[in-house]
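# Structural overview
Listed below are the residues making up each chain.
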Amino acid sequence: MSIKLGINIDHAATLRNARAENDPSIVEFALAVQKGGADSITMHLREDRRHIRDNDIFLVREHCKIPVNFEMAATVEMLDIALKLNPMSACIVPEKRDEVTTEGGLDIKNKLAEIKPLILKLLEYKIDVFIFVEPDIETIKYAMESGATGVEVHTGAYAHSFGNTTARKKQLEKIFSAAQFCVENNFEFHAGHGLNYHNIYELLKISNLVEVNIGHSILSRALFSGIHRAVHDMKQILSGHDQ
Ligand code: PXP
């Protein structure tokens, strides 16, 4: 079975925001992503609204048939928006104002008491909840305790280590162990961050990998090939048709 592909479209909004125009239109872009074969659209509404804006998430939710995965910090403001948006799923991420992108997994261990009520609220509204965590079994245990549907493991360290065989092997082992732990505990396993057309192949070996969320590499390829083709090519890999 094919691994589901969620496309993070935040970078399209970064480009749009470079000028005070609606170019590219985020809705049109999301529709093209959908046409390319994506399984869902991921958007991260940041506290500072540096890329995706409130209007974007509601318009994409309204116009796209494929589900929305709402990436959000664990704040009351984002919870209120998530409940209004009613996406298929929410991915809880840590958020620092000065970071360029999400730099690490959520410290769910130390934030469990604070975050659990928010997770339960989302679940009550039938929104699946995934916690963005490092591929670390102890951390995943806390994510399970939170009541979440599953985890999205942060694959950034793996992606960065890709050119170094020893480091790559070490990072892959962490991801494989995390996946194994999730399958044993019936906890849904997703992955994301830094994945591209080269480093994705190793992850195809994970039998319980349900979904990957990818933004940067696919939107970068789209500059050359168009977004339809860029999504299609990744979808082919994830379906095992390009090995
Ligand atoms: N998953 C999460 C939780 C993220 O924060 C991001 C980056 O915004 C991604 C996936 C996509 O990462 P990339 O743009 O490196 O593919």
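See the structure shown above.
Fair warning: this is a prediction, and the values are worked out from it, not measured in the lab.

Turning our attention to the pattern of salt bridges. All told, the structure shown has 11 salt bridges when counted by the stated rule. Ionic pairing is found between arginine 221 and aspartate 233, a salt bridge with its closest N-O pair at 3.0 Å. Here the residue arginine 221 occupies a position in helix α9 (residues 216-225), and aspartate 233 occupies one in helix α10 (residues 227-238), the gap between them amounting to 12 residues. Residue arginine 229 pairs with aspartate 233 through a salt bridge whose shortest N-O separation is 3.0 Å. Here arginine 229 pairs with aspartate 233, and both are found in helix α10, just four residues apart, close to one helical turn. Put simply, Arg49, Asp54 and Glu77 are held in one network by salt bridges that share partners.

Our focus in this paragraph is unusual backbone geometry. Here the amide bond leading from aspartate 23 into proline 24 is cis, since omega sits at 0°, within 30 degrees of zero. Positive phi, normally seen in glycine, also occurs at arginine 49, with a value near 55°. Secondary-structure assignment places arginine 49 in the loop between β2 (40-44) and α3 (54-63). Backbone geometry places lysine 126, a non-glycine residue, at a positive phi of 65°. Mapped onto the elements of the fold, lysine 126 is located in the loop between α5 (108-124) and β5 (128-133).

Rules and cut-offs
- Throughout this document, residue positions are counted from 1 along each chain, in the order its sequence is written.
- Residue-level local features of this predicted model are given only where pLDDT is at least 70; pairs of side-chain atoms are given and counted only at 80 or more, and the full residue set underlies all totals for whole chains, interfaces and linings.
- Side-chain numbers here rest on the full set of heavy atoms in the structure, without hydrogens or water.
- Just to be clear on terms, a salt bridge is a Lys or Arg side-chain nitrogen sitting within 4 Å of an Asp or Glu carboxyl oxygen.
- Each helix is a run of H or I in the DSSP string that is no shorter than four residues. Each strand is a run of E no shorter than two, and both are numbered from the N terminus.

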